[in-house]
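Secondary and tertiary structure notes
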Amino acid sequence: MGSYTPTIGIECHVQLKTQTKLFAAVTNDAREAPPNTLVSHICLGMPGALPVLNKAAIDLAMQAAFALNTKPSTFSTFDRKHYFYPDLPKGYQISQFKHPIIEGGFIDIVVDGKEKRIGITRAHLEEDAGKSTHPNGKDYSLVDLNRAGTPLLEIVSEPDIHSPAEAKAYAHELYLRMRYADVSDADLYYGNMRFDVNVSVSKDPKVFGTRTETKNINSFRAVEKVVEYEIARQTEVLEKGGTITQETRGWDDAKQKTFTQRTKEDAHDYRYFPDPDIPPVVLEQSAIDTAQAAMPPMPDDVRQHLHDLKLDDSAIETIVEALPAARLVLQAGEKGVGKDDVRRIALWLAGEVQAAVANDEKLSWDNVILELDSLMTLSKLTADSQVSSTGAKAVLAHLIKDGGDAEKIAKELDVLQVSDEGALKAIVDEVIAANPKAADDVRNGEMKAIGFLVGQVMKASKGKANPGMVQGLLKSKLSA
């Protein structure tokens, strides 16, 4: 396998989060709807039905362009892409071919500590087809047209990817950028984002081999495994003297292997021509400037902010992955919160909150309660040693489920530390009297013994004593 160079290109279909479909005033969210209930005469391809372009899809495409590190095209057109399939009633798909709304761009990835730039060829708007299902043991298929006409942005990468790890990293970074730009919900489970993976291998690095396209991959791990499998399969075929067929393949996740679906078409097979019902889209520069000015921070902005807080890479990627957590950290920075407090909150998000989300089926990053003011109060209590790190975790567990006032919760949980000097002096005197040998050791310069005495004071106070004050009091008394 080492003598072959793999080349991978990925086409990603992103479902835009518009309220209605691309060309019809029908609800776009078909996740829980019964089959064929979100349809109109346009979705059904009825004779004489005229599509009307959804402006919101253009607005989201502009945001996507900036997320891909480029700008939207000022001029784009729609075309008809002809092919027959049972869930495509018109017999053609309205797409963009000659003049897409996005050209160029790039995505930066990091694999094994090395940065790499993956170019974007283009991204074009198109309507989705319906969905065919094939019941087990039956001799018929069922067609659901709820999804027909939903707005998609198809993002096509350059063939700059050369390993399974790079393919996975590219797919994941693209997912993050579409979510951060608020272009799509990007829910892979519901097919809001799907990957078509093109793979070829060649002994000559300057010449592409014959490619296969494995369609509708809906997880980052599956993207990686598809590339691994296809590289191994194609290499074996070529080594045995065979040839690779340009074809469309599917992915069997249970068997972890690809399988043949149909011969792959080329562009001329689709008989593209301009759609006569939809005029060209012409974007004014003022609209492009407004969209660019409204762009939210991207994943790299969050990474840089967290690097400045001296977080490690694992904690950084945990927060970047959880968009609500990333937004909270950025919000804290915008409010002028001190670095120490922001860092403490970020560590809680990457640690305790992430663990709670992972271990509690009822919790997710979408419903966990993240109130900056409450977290700030808890951070201050911790910094002032009014709450121990253990106590802070107990308060945090309540905050993320129910919200509320951190100090009030700390009082209710009885985790506020005793910082009253008079009360602590009395306990310290009792502990010194009860442990004369350890006290003498401290007087003689054996400072390890002071840890034992601090522990005894904490035990006597049932863990409520402020350990910093306790240590100070012990040193003061025993040095005297």
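Use the structure listed above.
Throughout what follows, the structure given in this document is the object of discussion. Worth saying up front: this structure is predicted, and the values here are computed from it rather than measured.

1. Description of the pairing of strand β3 (residues 79-82)
- Neither face of β3 is exposed, since Asp79 and Lys81 on one face and Arg80 and His82 on the opposite face are all buried.
- Summarising the sheet, β3 and strand β4 (residues 92-95) pair through 4 bridges and their orientation is antiparallel. Within β4, the residue paired with Asp79 across the bridge is Ser95.
- As paired elements, β3 and strand β15 (residues 273-274) share 2 bridges and run antiparallel to each other. The residue bridging Arg80 from the neighbouring strand is Phe273, located in β15.

2. Some details on empty space enclosed by the protein
- Here the structure, examined in full by the defined rule, presents 2 cavities of 30 Å³ or more.
- Reported here for the largest cavity is a volume of approximately 60 Å³.
- What lines the largest cavity is simply Ile42, Cys43, Leu88, Pro89, Lys90, Glu127, Asp128, Ala129, Ala148 and Gly149.
- Considering only residue class, the lining of the largest cavity consists of 6 nonpolar, 1 polar and 3 charged.
- For the second largest cavity, the calculated volume is near 40 Å³.
- Its residues placed into classes, the lining of the second largest cavity shows 5 nonpolar, 1 polar and 1 charged.

3. Describing unusual backbone geometry
- Positive phi outside glycine occurs at Asp182, with the angle close to 60°.
- Relative to the elements of secondary structure, Asp182 occurs in the loop between α2 (164-180) and β11 (193-202).
- Its relative accessible area of 35% is what places Asp182 among the partly exposed residues.
- Backbone geometry places Asn216, a non-glycine residue, at a positive phi of 60°.
- Checked against the element boundaries, Asn216 lands in strand β12 (residues 212-217).

4. Regarding the pairing of β12
- Two elements, β11 and β12, share 4 bridges in a ladder whose sense is antiparallel. When the bridges of β12 are listed, Val199 appears paired with Thr212.
- With respect to chirality, the unit in which β12 leads through helix α3 (residues 220-239) into the neighbouring parallel strand β13 (residues 247-252) is left-handed.

5. Things to note about the sheet that holds β3
- Spatially, β4-β3-β15 is the arrangement adopted by the 3 strands of the open sheet, whose pairing is antiparallel. Only two strands of the sheet have a single neighbouring strand rather than two, namely β4 and β15.

6. As for the packing of aromatic side chains
- Evaluated as defined, the whole model comprises 7 aromatic pairs.
- Pairing Tyr175 with Phe220 gives two aromatic rings, centres 5.2 Å apart and planes at 65°, and the pair type is edge-to-face. You can see Tyr175 sitting in helix α2 and its partner Phe220 sitting in helix α3, a full 45 residues away along the chain. Take Tyr175 and Phe220: they sit in the same class, and that class is buried.
- An angle of 70° between the planes, with centres 6.0 Å apart, marks the rings of Tyr270 and Tyr272 as edge-to-face.
- Residue Tyr272 is classed as partly exposed on the basis of its relative accessible area of 22%.
- Here the aromatic cluster, defined as three or more aromatic residues joined through ring pairs, consists of Tyr83, Phe97, Tyr270 and Tyr272.
- Sitting over the face of the ring of Tyr270, Lys81 holds its NZ or CZ atom 4.4 Å from the ring centroid.
- Note that Arg117 overlies the ring of Phe106, its terminal NZ or CZ placed 3.7 Å from the centroid.

7. Regarding the environment of Asp440
- Note that Asp440 resides in helix α13 (residues 436-443).
- Along the sequence, Asp440 and Leu478 sit 38 residues apart, while their C-alpha atoms lie 8.1 Å from each other.

8. Description of the pattern of salt bridges
- Under the criterion given, the structure shown has 29 salt bridges.
- With a closest N to O distance of 3.2 Å, Arg147 and Asp128 form a salt bridge. Separated by 19 residues along the polypeptide, Arg147 in the loop between β9 (142-144) and β10 (151-157) and Asp128 in the loop between β7 (114-127) and β8 (131-133) bring together distant segments of the chain.
- Ionic pairing is found between Arg344 and Asp341, a salt bridge with its closest N-O pair at 3.3 Å.

What counts as what
- Residues numbered from 1 in each chain as written.
- Predicted model: local features only at pLDDT ≥ 70, side-chain atom pairs only at ≥ 80, totals over all residues.
- Heavy atoms only, no water.
- Buried < 20%, exposed > 50% of the residue type's maximum accessible area, 1.4 Å probe, protein only.
- Helix = DSSP H or I, 4+ residues; strand = E, 2+ residues; numbered from the N terminus.
- Pairing = 2+ DSSP bridges.
- 1 Å grid on protein atoms, 1.4 Å probe; cavity = no way out; pocket = protein on both sides within 12 Å on 5 of 7 lines; lining within 4 Å.
- Points joined across faces, edges and corners; volume = space filled by probe spheres on them.
- Nonpolar A, V, L, I, M, F, W, Y, C, P; charged D, E, K, R; others polar.
- Right-handed = clockwise from strand over helix to strand, strands pointing away.
- Phe/Tyr/Trp six-rings, centres within 6.5 Å; stacked < 30°, edge-to-face > 60°.
- Lys NZ or Arg CZ within 6 Å of the ring centre and 35° of its normal.
- Salt bridge = Lys/Arg side-chain N within 4 Å of Asp/Glu carboxyl O.

Keep in mind these numbers describe shape, not what the thing actually does.
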